[in-house]
Amino acid sequence: MNDPATGVVKSAERTLAILELLTRHEEPLTFTAIARSLRYPRSSLHGLLRTLVERGWAEFDPDQRCYSLGLRTLEAGNAYTRTLGLVERALPLMERIRDTIDETVQLAVLDGVHNVYVAKVDGRQTLTLASEVGRRLPAHATGVGKVLLAGLRHDDLDARLSAGPLPAFTRHTVTDKARLLGQLRTVSRRGFAVDNEEYTLGIRCVAVPVYDVSRRTVAALSVSVPAIRCTPAHRENAHRLLTEAAHRLSVALGYERQHRTGPTLRSGDRP
């Protein structure tokens, strides 16, 4: 007799094998490449891939006829990072930065085209950034958001930015997609982003990425400073402290590489 449960388990195993295969390959894979690697019946493979795409776990590019990981895998990865204690590990490091330079420090993750603040420690000065944990801001207009967007694969980034226009919040907000993509390439190359009053007039920030065991950007750390206090020396000091803290947090999440202090933030740097 056929055991219905056996078929369910086999489908689950094959689905997970497809996700694992897509995870191991940075480049999208054609149906033929997947079939050749896994050796599943073509009819079954078509059905499994269709389900993965419909549920958001895989994406299909109709022009290239290729499959890649979907947005749901990023959501799962972020959720897993939170279960590892991302916030709990980050808070002591954030408090150390705050105690050193007395400015607001924030930790954010990406959700679609928004960054969501998951932790914050306030500076004790009267003039500080008004924000709160759980707040969602458009990623293109913030330092942490640009760091998180810069960590995405090109096809994923393009799909997110194509969802709609980039709204302006101040006269400094970048609303042109081509210009934003140029900024993100710069952010990826030099390892940090700056926000020059792009979401809130009078507030500037420096942000750096946090990596996980798979070497993906899973969070961003930032220091926000009122423009009146944002001298070149103060901003460079914030960048140094953030880079050190982000490295420690990344290592705690399983990311290992030779420690580097990162590029120097010059007073004239603009994204």
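Preceding block: the structure.
Here the structure is a predicted model, which means the values were calculated and not measured.

Reading the values: the criteria
Residues numbered from 1 in each chain as written. Predicted model: local features only at pLDDT ≥ 70, side-chain atom pairs only at ≥ 80, totals over all residues. Heavy atoms only, no water. Axes fitted to C-alpha atoms, helices over the stretch in contact; angles between N-to-C directions. Helix = DSSP H or I, 4+ residues; strand = E, 2+ residues; numbered from the N terminus. Parallel < 35°, antiparallel > 145°, perpendicular 65-115°, else oblique. Contact = heavy atoms within 4.5 Å. Nonpolar A, V, L, I, M, F, W, Y, C, P; charged D, E, K, R; others polar. Left-handed = near helix turned anticlockwise from the far one by under 90°. Buried < 20%, exposed > 50% of the residue type's maximum accessible area, 1.4 Å probe, protein only. Polar contact = N/O pair within 3.5 Å; in protein donor to acceptor, adjacent residues only side chain to side chain. Pairing = 2+ DSSP bridges. Core = buried A, V, L, I, M, F, W, Y, C linked by side-chain atoms within 4.5 Å. Phe/Tyr/Trp six-rings, centres within 6.5 Å; stacked < 30°, edge-to-face > 60°. Lys NZ or Arg CZ within 6 Å of the ring centre and 35° of its normal.

Peer 1: Is there a simple way to explain the packing of helix α6 (residues 143–150) against helix α8 (residues 177–190) in this structure?
Peer 2: Between two packed helices, both the angle of their axes relative to each other and the distance between the axes serve to describe the pair. Remark: α6 packs on α8, axes separated minimally by 9 Å, with the N-to-C direction vectors making an angle of 80°. It follows that α6 is roughly perpendicular to α8 by the angle criterion. Listed contacts from α8 to K146, V147, L149 and A150 of α6 are L180, Q183, L184, V187 and S188. Within the contact of α6 with α8, the residues separate by chemical class into 6 nonpolar, 2 polar and 1 charged.

Peer 1: Just checking my understanding: could you explain the packing of helix α7 (residues 154–161) against α8 for this structure?
Peer 2: In contact at an axis separation of 12 Å, α7 and α8 are set at 145° when each is read in the N-to-C sense. Pair α7 / α8 crosses with right-handed handedness. Residues L157, D158 and L161 of α7 lie in contact with α8, whose contacting residues are K177, L180, L181 and L184. A class-by-class count of the residues in the contact of α7 with α8 yields 5 nonpolar, no polar and 2 charged.

Peer 1: For this particular structure, what's the right way to read unusual backbone geometry?
Peer 2: Glycine aside, the phi torsion of most residues is negative, and most peptide linkages are trans. Of note in the backbone geometry, R39 takes a positive phi value of approximately 60° without being a glycine. As for its position among the elements, R39 is in the loop between α2 (31–38) and α3 (42–54). Relative accessible area serves as the criterion here: at 74%, R39 is assigned to the exposed category. The phi dihedral of R65 falls on the positive side, at around 55°, and the residue is not glycine. The topology assignment puts R65 in the loop between β2 (58–61) and β3 (66–69). Among the residues examined, R65 registers a relative accessible area of 52% and is labelled exposed.

Peer 1: Sorry if this is basic, but what is going on with the side chain of R98 here?
Peer 2: Looking at the element boundaries, R98 is found in helix α5 (residues 86–101). The exposure class of R98 is buried, given its relative accessible area of 15%. Reaching out from R98, the side chain makes a polar contact with the backbone oxygen of D122 at a distance of 3.1 Å. The contacts of R98, once residues within four sequence positions are left out, are E103, V105, V121, D122, G123 and R124.

Peer 1: How should the sheet that holds strand β6 (residues 136–138) be read in this particular structure?
Peer 2: Here we have 6 strands laid out as an open sheet, ordered β6-β5-β4-β9-β8-β7, and antiparallel in their pairing. Of all the strands in the sheet, the pair left with one neighbour each is β6 and β7 (193–196). Averaged over neighbouring strand pairs, the angle between their axes works out to 30° when direction is ignored. Two strands pair when backbone bridges link them, and strand β8 (residues 203–211) and strand β9 (residues 217–226) are joined in this way by 9 bridges, in the antiparallel orientation.

Peer 1: Looking at this structure, I do not really get the nonpolar core. What am I missing?
Peer 2: The tendency in soluble globular proteins is for nonpolar side chains to be buried side by side. Formed by 31 residues in total, the largest nonpolar core has its most connected members in M94, I97, L107, V210, L221 and V223. Counting residues per element, the ones that place at least two in this core are α5, β4 (104–111), β5 (114–121), β8, β9 and α9 (232–252). Discounting chain neighbours no more than four positions away, the residues touching V223 are I97, I101, E103, T104, V105, R204, C205, V206, A238 and L242.

Peer 1: Teacher, can you tell me more about the packing of aromatic side chains here?
Peer 2: Geometrically, a pair of aromatic rings is defined through the distance of the ring centres and the angle of the planes. Tallied over the full model, the rule gives 3 aromatic pairs. When the ring centre of Y40 is taken as origin, the NZ or CZ atom of R14, which lies over that ring, is 4.9 Å away.

Peer 1: What exactly am I supposed to notice about α6 here?
Peer 2: Think of an α-helix as 3.6 residues a turn; residues three or four steps apart then line up on the same face. Counting buried positions over the 8 residues of α6 gives 8, a clear majority of the element. Every buried residue belonging to α6 is among G143, V144, G145, K146, V147, L148, L149 and A150, and all of these are buried. Between the side-chain oxygen of the N-cap and the backbone nitrogen of G145 there are 2.9 Å, and the N-cap of α6 in question is T142.

Peer 1: What's the story with the sheet that holds β2 in this structure? I'm lost.
Peer 2: Consider a sheet: its strands pair through backbone hydrogen bonds, and that pairing is either parallel or antiparallel. Spatial strand order, β1-β3-β2: 3 strands in an open sheet with antiparallel pairing. With one partner strand each, in any of the chains shown, β1 (29–30) and β2 form the two edges of the open sheet. As judged from the 2 bridges shared by β1 and β3, these two strands associate in the antiparallel manner. Each bridged residue has a counterpart across the sheet, and for T30 the counterpart in β3 is C66. Its contacts with the sheet put α3 on β2 and β3, and the angle it makes with β2 is roughly 105°.

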